[in-house]
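Coordinates in review
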Amino acid sequence: MGIFGCAPNDILAIGITNQRESTLIWDRNTGEALANAIIWLDNRTTSTVEDLLETIPNNARNINYLRPLCGLPLSPYFSGVKLRWLKDNVATVKRAMDAGDAMFGTIDTWLMYNLTGGVNGGIHKTDVTNASRTMLMNIETLQWDANLLKFFGLPSSILPEICSSAEHFGTIAAGVLKGINITADLGDQQAALVGQQCLSKGQAKATYGTGCFLLYNTGPSIVHSQHGLLTTVGYQLGRKAPPYYALEGSVSIAGAAFNWLRDNIGLIQNTGQIETMASMVDNSLDVYFVPAFNGLYAPYWNQDARGVLCGLSEETTSEHIVRATLEAVCFQVRDILDSMHKDCKIPLTKLMVDGGMTVNNLFLQLQSDLVGIHVLRAKIAETTALGAAMAAYKTIAPQYNMEGPLSKSDERESVKPKINSTERNLRYQKWKMAIERSLNWETSSLAQGERESFDGA
Ligand SMILES: Nc1ncnc2c1ncn2[C@@H]1O[C@H](COP(=O)(O)OP(=O)(O)O)[C@@H](O)[C@H]1O
Ligand SMILES: O=P(O)(O)OC[C@H](O)CO
């Protein structure tokens, strides 16, 4: 039987690309999961971050304490925090960790383990891009770091081997793909960086799906952000190849805001309506929506932020709110591009875009208008899968030029700004006012007692 029109014999190699940070832990004797996976957006670990902040010397409570080692701020987002939560809250996980029976993996590791045999000899590996999202890997040595493990109170026995992003990982053990080699592994956003051919220093892409993730290739050098971005590994295409690093701006709620408008509020019935509705009005009538459902990621890193919808008036309609939701994504991207500009000094003049939201033409125009940047839409929408396939092929065909033309994929559609900078800056100032209102909503300094007396008043 064919797979997507190919016979298994047509498949030269397999590349894996995956949702990052999501954390799994399983028993090495049975191969069975010891707890439900915790996905990247899950905020149950907020209290773990609070507890870990308390352990930082001199009562500093500095979320950036570990940045020099791993490039990341302390946040519920990353795997190390999720693993610590599992250890503290699930007795079977703690027992297995103490006994040396637990195996940890992000989604790539879990897939590879099972595809290559599971408990019957399955491999336990990850790549540098996925490892760079755990807070447990040293961003310079690209190895697990004893100080980081100590900080999180985690044993090294749970960890997979860290490999490059393009090498021979293992061979599929059973099923229709039996015998095919896995020759690449990259986190989805890094795979999109490769798929967009942002392979030189100074190139950047934005992928708009559930969340939105901007990656700026900084070449082989590590740039430690002073403005709320993450330092992450972009890719390492072979064991002997140099690692390429990236600055990343992560937005947790982008397209997910429309899922909320559909599933929780009923303002839309399907995503196909978004562009039609938003086009029915000329502007958002000064409505601003900050969808900080689980706090705000880059550049704010405020886990206590919550969503706000402001500027409502008697004239506000559903269409204005839908349009403001599109603009919210655009403004969050401007926040990140401003940080990238400050960190890298050179402003971007063009942005490669991809992901589910980019089918929306009005959205691309708004993005171009509200940032004042030239937006280029990828011809192949699935840049994530494309990047993993390119890396997989690079392993088996080292002469392959990844910067060469990709059939017709380099014919990109281009969108240019239509509004002037005065209007753009005015709109952005209003956005910043909305952000101010969302920050620290769930503040931990509002003691439970005060809250109770307020509730009872
Ligand atoms: N026409 C559209 N306009 C705006 N957002 C859209 C549109 N179509 C889909 N989306 C959003 O894009 C997201 C899905 O994109 P996708 O790249 O598949 O995400 P992921 O890979 O994160 O699952 C959903 O959150 C959805 O709300
Ligand atoms: O939910 P996804 O598939 O958009 O995953 C996004 C990222 O990998 C999270 O960091």
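Owing to the predicted nature of the structure, the values given are computational and were not obtained by experimental measurement.

Take the site of ligand 2 next. Ligand 2 sits among Q19, R20, E21, W40, Y77, D188, Q189, T210 and F213. Within the side chain of E21, an N or O atom sits 2.6 Å from an oxygen atom of ligand 2. With respect to ligand 2, the side chain of Y77 contributes an N or O atom lying 2.7 Å from an oxygen atom. Burial of ligand 2 by the protein chains amounts to 86% of its free accessible area of 310 Å².

Turning to the site of ligand 1, a few remarks are in order. Within the structure, ligand 1 sits among 13 residues, and T210, G255, N259, G356 and N360 are positioned closest to it. Between N259 and ligand 1, the recorded distance is 2.8 Å, taken from a side-chain N or O atom to an oxygen atom. The side chain of N360 places a nitrogen or oxygen atom 3.1 Å from a nitrogen atom of ligand 1. Contact with the protein chains hides 66% of the accessible area of ligand 1, taken as 590 Å² for the molecule alone. Here the shell around ligand 1 takes three residues from helix α9 (residues 256-265), the largest share from any one element. Its residues assigned to classes, the shell around ligand 1 comprises five nonpolar, eight polar and no charged.

Time to look at the UniProt feature "domain: Carbohydrate kinase FGGY C-terminal" (unreviewed entry) in the protein chain. The feature "domain: Carbohydrate kinase FGGY C-terminal" (unreviewed entry), as given by UniProt, occupies residues 205-393 in the numbering adopted here. For the annotated span residues 205-393, helix accounts for 35% and strand for 22% of the residues, and the straight-line distance between the end C-alpha atoms is 22 Å.

Let's shift gears to the sheet that holds strand β1 (residues 14-18). The strand order across the open sheet formed by three strands is β1-β7-β6, and the pairing between neighbours is mixed. A strand with exactly one partner marks an edge of an open sheet, and here the two such strands are β1 and β6 (170-171). Of the strand pairs in this sheet, β6 and strand β7 (residues 181-187) are connected by two bridges, and their pairing is antiparallel. Within β7, the position partnered with G170 by the bridge is I182. Against the sheet, helix α5 (residues 107-115) touches β1, β6 and β7, its axis set at about 140° to β1. The sheet strands contacting helix α13 (residues 383-396) are β1 and β7, and the helix crosses β7 at an angle near 135°.

Cut-offs applied
- Residues numbered from 1 in each chain as written.
- Chains lettered and ligands numbered in written order.
- Predicted model: local features only at pLDDT ≥ 70, side-chain atom pairs only at ≥ 80, totals over all residues.
- Heavy atoms only, no water.
- Near = heavy atom within 4 Å.
- Polar contact = N/O pair within 3.5 Å; in protein donor to acceptor, adjacent residues only side chain to side chain.
- Areas by Shrake-Rupley, 256 points an atom, 1.4 Å probe, with all protein chains shown as cover.
- Helix = DSSP H or I, 4+ residues; strand = E, 2+ residues; numbered from the N terminus.
- Nonpolar A, V, L, I, M, F, W, Y, C, P; charged D, E, K, R; others polar.
- UniProt positions renumbered as here; feature names shortened; annotations may be inferred.
- Pairing = 2+ DSSP bridges.
- Contact = heavy atoms within 4.5 Å.
- Axes fitted to C-alpha atoms, helices over the stretch in contact; angles between N-to-C directions.

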